[in-house]
Amino acid sequence: YSSKDLHGAEFIDSYVFNKAEYIRFNSTVGKYVGYTEHGVYNAETWNKGSVLARELGELERYCKRNADIHYSAILDKTGEQG
């Protein structure tokens, strides 16, 4: 997200094996997308089950809930020289 109102907040959950991303969930897209043969198979399976429902709730449950903490700890600070 880029502003304190969290309008553009986005949750991304990537799965990587041997430095290659094979599947990703993006809250803007609203589903899993596979990038390899194995990732496409898992994406199809996960998009049909309860795994997708859990991921859809992560933006509200985790990201937006903790955003104020991170925002005040990082973005509200000015660079102080010591």
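Conventions and cut-offs
- Residues numbered from 1 in each chain as written.
- Predicted model: local features only at pLDDT ≥ 70, side-chain atom pairs only at ≥ 80, totals over all residues.
- Heavy atoms only, no water.
- Phe/Tyr/Trp six-rings, centres within 6.5 Å; stacked < 30°, edge-to-face > 60°.
- Helix = DSSP H or I, 4+ residues; strand = E, 2+ residues; numbered from the N terminus.
- Buried < 20%, exposed > 50% of the residue type's maximum accessible area, 1.4 Å probe, protein only.
- Core = buried A, V, L, I, M, F, W, Y, C linked by side-chain atoms within 4.5 Å.
- pLDDT = per-residue confidence, 0-100.
- Pairing = 2+ DSSP bridges.
- Axes fitted to C-alpha atoms, helices over the stretch in contact; angles between N-to-C directions.

## Details of the packing of aromatic side chains
Aromatic ring pairs are reported here in terms of the distance separating the ring centres and the angle at which the planes meet.
In step 1: Per the stated rule, a full pass over the model turns up 5 aromatic pairs.
In step 2: When the ring of Phe-11 is compared with that of Phe-25, the centres are 6.2 Å apart and the planes differ by 50°; the resulting orientation is tilted. One end of the pair, Phe-11, is in the segment before β1 (12–17); the other, Phe-25, is in strand β2 (residues 20–26), with 14 residues separating them in the sequence. Take Phe-11 and Phe-25: they sit in the same class, and that class is buried.
In step 3: With a centroid separation of 6.5 Å and an interplanar angle of 55°, the aromatic rings of Tyr-15 and Tyr-22 are classed as tilted.

## Remarks on the nonpolar core
In step 1: In this structure, Ala-9, Phe-11, Tyr-22, Ile-23, Phe-25, Tyr-32, Ala-43, Leu-52 and Leu-59 together form the largest nonpolar core, which totals 9 residues.
In step 2: Elements with a contribution of two residues or more to this core: β2 and α2 (50–75).
In step 3: Among the elements that line this core, the one with the most residues is β2, at 3 residues.

## Some points on the confidence of the model for the protein chain
For residues with low pLDDT, the predicted coordinates do not support detailed interpretation.
In step 1: Of all residues in the protein chain, 77% attain a pLDDT of 70 or more, and the chain-wide mean is 81.
In step 2: Within the protein chain, strand β3 (residues 31–34) carries the highest mean pLDDT (95), whereas α2 carries the lowest (76).

## Thoughts on the sheet that holds β1
Backbone hydrogen bonds hold the strands of a sheet together, and the pairing may be parallel or antiparallel.
In step 1: As summarised here, the arrangement of the 3 strands in space is β1-β2-β3, forming an open sheet in which the pairing is antiparallel. Only two strands of the sheet have a single neighbouring strand rather than two, namely β1 and β3. The mean angle between the axes of side-by-side strands here comes to 20°, regardless of whether they run parallel or antiparallel.
In step 2: In the sheet, β2 pairs with β3 via 4 bridges, with the strands oriented antiparallel.

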